[in-house]
Amino acid sequence: MYLFLAFLLVPIIEIALFIQVGGLIGLWPTLAIVVLTAVLGTVLVRTQGRTALANLQRSFAELDDPTEPLAHGAMILLSGVLLLTPGFFTDAVGFALLVPGIRVAVFRYLKSKATITQFQMGTSAQFRTGPDPFNQDDVIDGEFTEVRPRNEPGKPSKWVEGPHQH
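Fair warning: this is a prediction, and the values are worked out from it, not measured in the lab.

1. Comments concerning the overall build of the protein chain
Helices and strands together make up the secondary structure of the protein chain, namely five helices and zero strands. In the protein chain, the order of α-helices and β-strands from amino to carboxyl end is α-α-α-α-α. Looking at the protein chain as a whole, 18% of its 166 residues qualify as buried. Counting only carbon and sulfur atoms, one obtains 66% of the accessible surface of the protein chain, whose full area is about 13600 Å².

Structure (structure tokens):
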């Protein structure tokens with residue numbers, strides 16, 4: 001329902017703002033502002049995106065919780081989409097999301113609404129594809145005899161010769 005309201009209300013708000021601003025300052029200045037905010041937003045998103053990516057890489061390297069750097073990166077990405085969308089309302093929300101303090105407040109709000117049941121980081125989670133070498137039930141006891149090749153030393157055995165050998 002919230003998504004439906006957003007898709008309904010945002011264009012209505014944008015159209016109303018275009019009519020008001022265009023009537024106040026004229027068509028060409030209004031279009032110039034829309035283009036200028038898109039260019040300025042792209043530059044700001046690029047620089048803040050680099051910082052967010054560096055913070056995310058640092059959190060992975062230090063095995064910290066990457067939730068906050070990921071959320072900041074997602075909000076910066078959303079900000080870029082909003083700033084490239086023509087309109088004054090979307091530009092205002094997009095520029096607001098570029099302010100680190102606002103992103104922190106949004107993250108805290110969303111974090112308070114989320115319930116995390118389990119979180120694990122680091123190398124403690126191990127994935128096995130074969131039998132557990134420490135489980136005695138998986139050990140197969142056997143004997144072996146080393147077989148020496150019958151060919152001359154330095155000459156490959158008949159097992160490796162074939163159509164692909166020259």
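2. Observations concerning a nonpolar patch on the surface
Together, Met1, Tyr2, Phe4, Leu5, Leu8, Leu9, Ile12, Ile13, Leu17, Phe89 and Val93 line one region of the surface with nonpolar side chains, adding up to about 1100 Å² of accessible area. Contributions of two or more residues to the nonpolar patch are made by α1 (2-25) and α4 (88-97). Considering each element in turn, the nonpolar patch owes the most residues, eight residues, to α1. Structurally, the position occupied by Met1 is in the segment before α1.

3. Points about the pattern of salt bridges
A full pass over the atoms with the stated rule returns two salt bridges. Linking Arg58 and Glu62 is a salt bridge whose minimum nitrogen-to-oxygen distance equals 3.3 Å. Classification of Arg58 by relative accessible area gives partly exposed; the value is 37%. Across the salt bridge formed by Asp64 and Arg58, the nearest N and O atoms sit 3.4 Å from each other. Here the residues in one salt-bridge network are Arg58, Glu62 and Asp64, joined through shared partners.

4. Concerning the layout of surface pockets
If you add up the space inside the largest pocket, you get close to 410 Å³. Looking at the largest pocket, it is lined by 15 residues, and the ones nearest its centre are Ala6, Val10, Leu82, Phe89 and Thr90. Of the residues that constitute the lining of the largest pocket, the class distribution is 12 nonpolar, two polar and one charged.

5. Structural notes on helix α2 (residues 27-61)
With 35 residues, α2 should cover 51 Å at 1.5 Å per step; its first-to-last C-alpha distance of 51 Å lies within 8% of that length. Of all the positions in α2, only Thr30, Val34, Thr37, Ala38, Gly41, Val45, Gln48, Ala52, Leu56 and Ser59 are classed as buried. Looking one or two residues beyond α2, the residue adopting positive phi is Leu63, at roughly 55 degrees.

Criteria and cut-off values
- Residues numbered from 1 in each chain as written.
- Predicted model: local features only at pLDDT ≥ 70, side-chain atom pairs only at ≥ 80, totals over all residues.
- Heavy atoms only, no water.
- Helix = DSSP H or I, 4+ residues; strand = E, 2+ residues; numbered from the N terminus.
- Buried < 20%, exposed > 50% of the residue type's maximum accessible area, 1.4 Å probe, protein only.
- Areas by Shrake-Rupley, 256 points an atom, 1.4 Å probe, with all protein chains shown as cover.
- Patch = residues over 30% accessible without salt bridge, like charges linked within 9 Å, V, L, I, M, F, W, Y side chains within 5 Å.
- Salt bridge = Lys/Arg side-chain N within 4 Å of Asp/Glu carboxyl O.
- 1 Å grid on protein atoms, 1.4 Å probe; cavity = no way out; pocket = protein on both sides within 12 Å on 5 of 7 lines; lining within 4 Å.
- Points joined across faces, edges and corners; volume = space filled by probe spheres on them.
- Nonpolar A, V, L, I, M, F, W, Y, C, P; charged D, E, K, R; others polar.
- Expected span 1.5 Å × (residues − 1).

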